[in-house]
Amino acid sequence: MSDEGKVVYHDDKLEHKPPLATVDEEKRLVRKLDRTILPITCLLYLLAYLDRSNLGNARLQGLPQEILGGDPAGLLYEWVFSAFYFSYILFQVPATVLSKLFHPSYWIATMAIGWGICSTLQASAFNLAGIIVCRVGLGVFEAGFGPAIPLYFSLFYTKNELGLRLGYWFGFAAIAGAFGGLIAFGVQLIHFGPDNESDWKILFLIEGIPAIILGVVTWFALPNRPESTHLFNEREREIALERGARGTKADVGLVINKKHVIAAVTDWRVLACGTIYFGVNCALASISAFLPTIIKTFGYTNALAQLLTVPPYVVGAIALCMTAYATDRMQSRGLAIASSCAAGAIGYLLVVLVPSNMHVRYFAVFLITSGTYTAIGVIIAWFAHNLGSETKKAAGIPMFMAIGQCGSVLGANIYPSSDGPRYLRGFTITCALMAWATVCAVILYVSYRQDNKRRDELYGKPDPDATVDTSELADKVGNPNLLTSPLIELCPQAPMFRYIP
């Protein structure tokens, strides 16, 4: 049996071939990947998040008055906002698993063009049914995009690089919030339609059409899998494939391992992560849908409330990228997630307990955005490695995201206009969920550390850059008795897989 691309157990040590590439060669390859992949995927997420969350800005620009009959209680608006998440939740797992059967550039481009069309068509809606249909379509196409990106990044970046790149990518959600506020502020000054009530139509057009254009560009410009992309020469392809086998091993070709789909669905850690994601997504949906409205309750005009949403988003993006970089260096993410969730919980607590000091309440908004965006970005990077195999990631990542997006539905329905101006119910529920997410993150952190320690004691400490064959067991341990038997070469190598705690 060939030793190429496999770990050899020997005297509790791990032997492997030296790195294929020099440090300079690898740095050049990573820079090439960054130049090619990050601009397209980050801009796509910027546009996806703008198209998903611009309903909060449109609410202050006449949408309820024009097509929802005024909606004095805010209940119809909540249904319109939630319609996106109903389809987004239902389609995440099947869409992401199905994406493994298509070239990434074609799949991601199709999703972008689809959601761009749905977002643009919102400008033509003239009643509740019309805009709900557009929002449902938007959710279907974005379900095939968001969870597929962490899987796509894991094809090219090692676990030491993945956190920062996903931090950059998800940071564009925060940047989208900032841009959304600036764009909405500009659109507010257009005064389109009678009594300026149709400004929201211009907003949907301005933020929907670019996604269609970038989707077409993505079809031709985004690299496909390392073994098939035209981006690499043969030397670069060899290095990229060796990098993809460090600490795990990628699938070859467009395949799905059905056993790993079942393993993802039955993994308690995926469910635990889903509860964390539920809490932070409830907070995120609250920010996306109601931040302009909440800041307006501080006593500002509609236009100024739109503008004051920008700084918290910018600070949130910076906090996310700094934390992602630190967790990459330390190769530990659990406590960073717990700290971020705790910061968000403190922010909501301040909003509840300090009703009259606007400076404290605005500071609390910074804690909320920084904690929420940081927690979500780092969680995605955490599980982009910890699920082991490529198929288990394709099923597990959208599964915990789908669980989490149920929190988005909740977040969209706990801030009715009748609860204003203090919105105590919404703030209290979200605060409690962020506190519970903190506890769950600590539990997962301890669980991963204990599992790593147990494997070290049983099998010895692995070289972190050695190839670990996860094709059979994903991240789990097989029969340890085989390690001392003549059948050692038949033993699946996932026991040498180590989690990032």
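Since the model is a prediction, treat every value here as computed from it, not as a measurement.

A.B. asks: Looking at this structure, how should I read the environment of Ile318?
C.D. replies: Relative to the helices and strands, Ile318 resides in helix α14 (residues 310-330). Placed 52 residues apart in sequence, Ile318 and Ser370 show a C-alpha to C-alpha distance of 8.2 Å.

A.B. asks: How do you make sense of the state of the cysteines when you look at a structure like this?
C.D. replies: What we call a disulfide is simply a covalent bond connecting the sulfur atoms of a pair of cysteines. Across all of its chains, the model carries zero disulfides by this definition. The structure places no disulfide on Cys118, whose sulfur is separated from the nearest cysteine sulfur, that of Cys134, by 6.6 Å. Under the relative-accessibility criterion, Cys118 is labelled buried at 12%. For Cys134, a relative accessible area of 10% translates into the label buried.

A.B. asks: What exactly am I supposed to notice about the packing of aromatic side chains here?
C.D. replies: One pair of aromatic rings is described through two measures. These are the centre distance and the angle between the planes. Summed over all chains, the structure comprises 31 aromatic pairs. Here Tyr152 and Phe156 contribute two aromatic rings whose centre-to-centre distance is 5.3 Å and whose plane-to-plane angle is 70 degrees, an arrangement assigned as edge-to-face. There is no split in this pair, since Tyr152 and Phe156 are both buried. Through pairs of rings, three or more aromatic residues link up here, namely Tyr45, Tyr49, Trp115, Phe145, Trp169, Phe170, Tyr313 and Tyr373. In this structure, Arg59 is placed above the aromatic ring of Tyr77, and the distance from its NZ or CZ to the ring centre is 4.3 Å. The ring centre of Tyr325 lies 5.0 Å from the NZ or CZ of Arg329, which sits over that ring.

A.B. asks: I tried to follow the confidence of the model for the protein chain on my own but got confused; where do I start?
C.D. replies: Interpretation of this model should avoid reading the predicted coordinates in detail wherever pLDDT is low. Looking at the protein chain, the pLDDT average stands at 84 and 86% of residues meet or exceed 70. The weakest mean pLDDT in the protein chain belongs to strand β1 (residues 8-10) at 40; the strongest belongs to helix α5 (residues 104-121) at 96. Residue range residues 1-16 is modelled with pLDDT below 50. Its contacts to residues more than four positions away, or to other chains, number 34 contacts. Low pLDDT (under 50) marks residues 480-493, which in the prediction has 21 contacts with non-local residues, meaning those over four places away or in another chain.

A.B. asks: In this structure, what is going on with helix α17 (residues 390-411)? I would like to understand it.
C.D. replies: Think of an α-helix as turning once every 3.6 residues; residues three or four places apart then point the same way. Compared with the 32 Å implied by 1.5 Å per residue over 22 residues, the 31 Å span of α17 between its first and last C-alpha is a close match. Across the 22 residues that make up α17, a large majority, 19, are buried.

A.B. asks: Honestly, helix α8 (residues 159-188) in this entry has me stumped. Any pointers?
C.D. replies: For α8, built from 30 residues, the straight-helix expectation of 44 Å at 1.5 Å per residue is met to within 8% by its first-to-last C-alpha distance of 44 Å. The axis of α8 is deflected most strongly, by about 25 degrees, at Ala174.

A.B. asks: Please clarify how a positive patch on the surface should be interpreted in this entry.
C.D. replies: Together, Lys27, Arg28, Arg31 and Arg35 make up a positively charged patch on the protein surface. Tracing the sequence through the fold places Arg28 in helix α1 (residues 23-53).

A.B. asks: What exactly am I supposed to notice about the environment of Ile175 here?
C.D. replies: You can see Ile175 is positioned in helix α8. Ile175 sits in the partly exposed class, given a relative accessible area of 26%. Along the primary structure Ile175 and Leu50 are separated by 125 residues, whereas in three dimensions their C-alpha atoms are 9.3 Å apart. Residues in contact with Ile175, not counting those within four places in the same chain, are Leu46 and Ala317.

A.B. asks: Sorry, what's going on with the nonpolar core here?
C.D. replies: One recurring pattern in soluble globular proteins: nonpolar side chains tend to sit buried together. Counting 133 residues, the largest nonpolar core has Phe145, Phe153, Trp169 and Phe170 as its most contacted members. Counting residues per element, this core draws most heavily on helix α16 (residues 358-386), which supplies 15 residues.

A.B. asks: Explain unusual backbone geometry to me, please; I cannot follow it from the model alone.
C.D. replies: Among all residues save glycine, negative phi is the norm, and among peptide bonds the norm is trans. Of note in this structure, Asp71 is not a glycine but carries a positive phi near 45 degrees. Relative to the helices and strands, Asp71 resides in the loop between α3 (63-67) and α4 (75-99). By relative accessible area, which is 10% here, Asp71 ends up buried. Positioned with a positive phi, Gln331 is a non-glycine residue whose angle comes to about 50 degrees.

A.B. asks: Can you help me understand the environment of His385 in this one?
C.D. replies: Tracing the backbone shows His385 in helix α16. Here the alpha-carbon distance between His385 and Thr158, two residues 227 residues apart in the chain, equals 8.9 Å. Reaching out from His385, the side chain makes a polar contact with the backbone oxygen of Arg498 at a distance of 3.0 Å.

A.B. asks: Even after reading the chapter, I still don't get the side chain of Asn386, so can you show me in this structure?
C.D. replies: Examined against the element boundaries, Asn386 turns out to sit in helix α16. Here the side chain of Asn386 touches Ile500 through a polar contact of 2.8 Å, landing on its backbone nitrogen.

A.B. asks: Explain the pattern of salt bridges to me, please; I cannot follow it from the model alone.
C.D. replies: Side-chain pairs of opposite charge can arise where the charged atoms are in close proximity. Evaluated as defined, the whole model comprises 19 salt bridges. Its salt-bridge partner being Glu227, residue Arg225 comes within 2.7 Å of it at the nearest N-O pair. Of the residues examined, Arg225 reaches a relative accessible area of 4% and is grouped as buried. Since its relative accessible area comes to 27%, Glu227 is described here as partly exposed. Residue Asp267 pairs with Lys392 through a salt bridge whose shortest N-O separation is 2.9 Å. Here Asp267, found in the loop between α11 (258-265) and α12 (268-296), pairs with Lys392, found in helix α17; they are 125 residues apart in sequence, far enough to count as distant. On the accessibility criterion, Asp267 (4% relative accessible area) is buried. A single network of salt bridges, built from pairs that share partners, joins Lys100, Arg225, Glu227 and Glu390.

Calculation notes
- Residue indices begin from 1 for each chain and proceed along its sequence in written order.
- The predicted nature of this model means local features are confined to residues of pLDDT at least 70 and side-chain atom pairs, given and counted, to a pLDDT of 80 or more, with totals for whole chains, interfaces and linings taken over all residues.
- To obtain the side-chain values, all non-hydrogen atoms of the structure were included, while hydrogens and water were left out.
- Going along the chain from the N terminus, every DSSP run of H or I of four or more residues is numbered as a helix, and every run of E of two or more is numbered as a strand.
- Any cysteine sulfur atom paired with another within 2.5 Å is treated as part of a disulfide.
- Note on exposure labels: buried denotes an accessible area under 20% of the residue type's maximum, exposed denotes more than 50%, and partly exposed covers the range between, all computed with a 1.4 Å probe on protein chains only.
- In this analysis, rings of Phe, Tyr and Trp, with Trp reduced to its six-membered ring, are considered paired at centre separations within 6.5 Å, and the interplanar angle assigns stacked below 30 degrees, edge-to-face beyond 60, and tilted for intermediate values.
- Whether a charge sits over a ring comes down to the Lys NZ or Arg CZ being within 6 Å of the ring centre and within 35 degrees of the ring normal.
- Every residue is assigned a pLDDT by the predictor, reflecting its confidence on a scale from 0 to 100.
- Two residues qualify as a contact provided that any one of their heavy atoms is within 4.5 Å of a heavy atom in the partner residue.
- An expected span of 1.5 Å times one less than the residue number is assigned to each helix.
- The bend at a residue is defined as the angle formed between two axes, one fitted to the seven residues ending at that residue and one fitted to the seven starting there.
- Patch members must show over 30% relative accessible area and no salt bridge, and they are joined within 9 Å when carrying like charges or within 5 Å when they are nonpolar side chains of Val, Leu, Ile, Met, Phe, Trp or Tyr.
- Computed with a 1.4 Å probe, the accessible areas rest on the Shrake-Rupley method; for each residue, only the protein chains presented here act as cover.
- Any carboxyl oxygen of Asp or Glu that lies within 4 Å of a side-chain nitrogen of Lys or Arg is treated as forming a salt bridge with it.
- In summary, the charge assignment counts Lys and Arg as positive and Asp and Glu as negative, without counting His or the chain termini.
- A charged residue contributes its charge at one atom only: NZ of Lys, CZ of Arg, CG of Asp or CD of Glu.
- In this description, a nonpolar core means a group of buried Ala, Val, Leu, Ile, Met, Phe, Trp, Tyr and Cys residues linked to one another through side-chain atoms lying within 4.5 Å.
- Counting of polar contacts relies on pairs of N or O atoms within 3.5 Å, with two restrictions inside protein: one atom must be capable of donating a hydrogen and the other of accepting it, and residues adjacent in sequence are counted only when both atoms are side-chain atoms.

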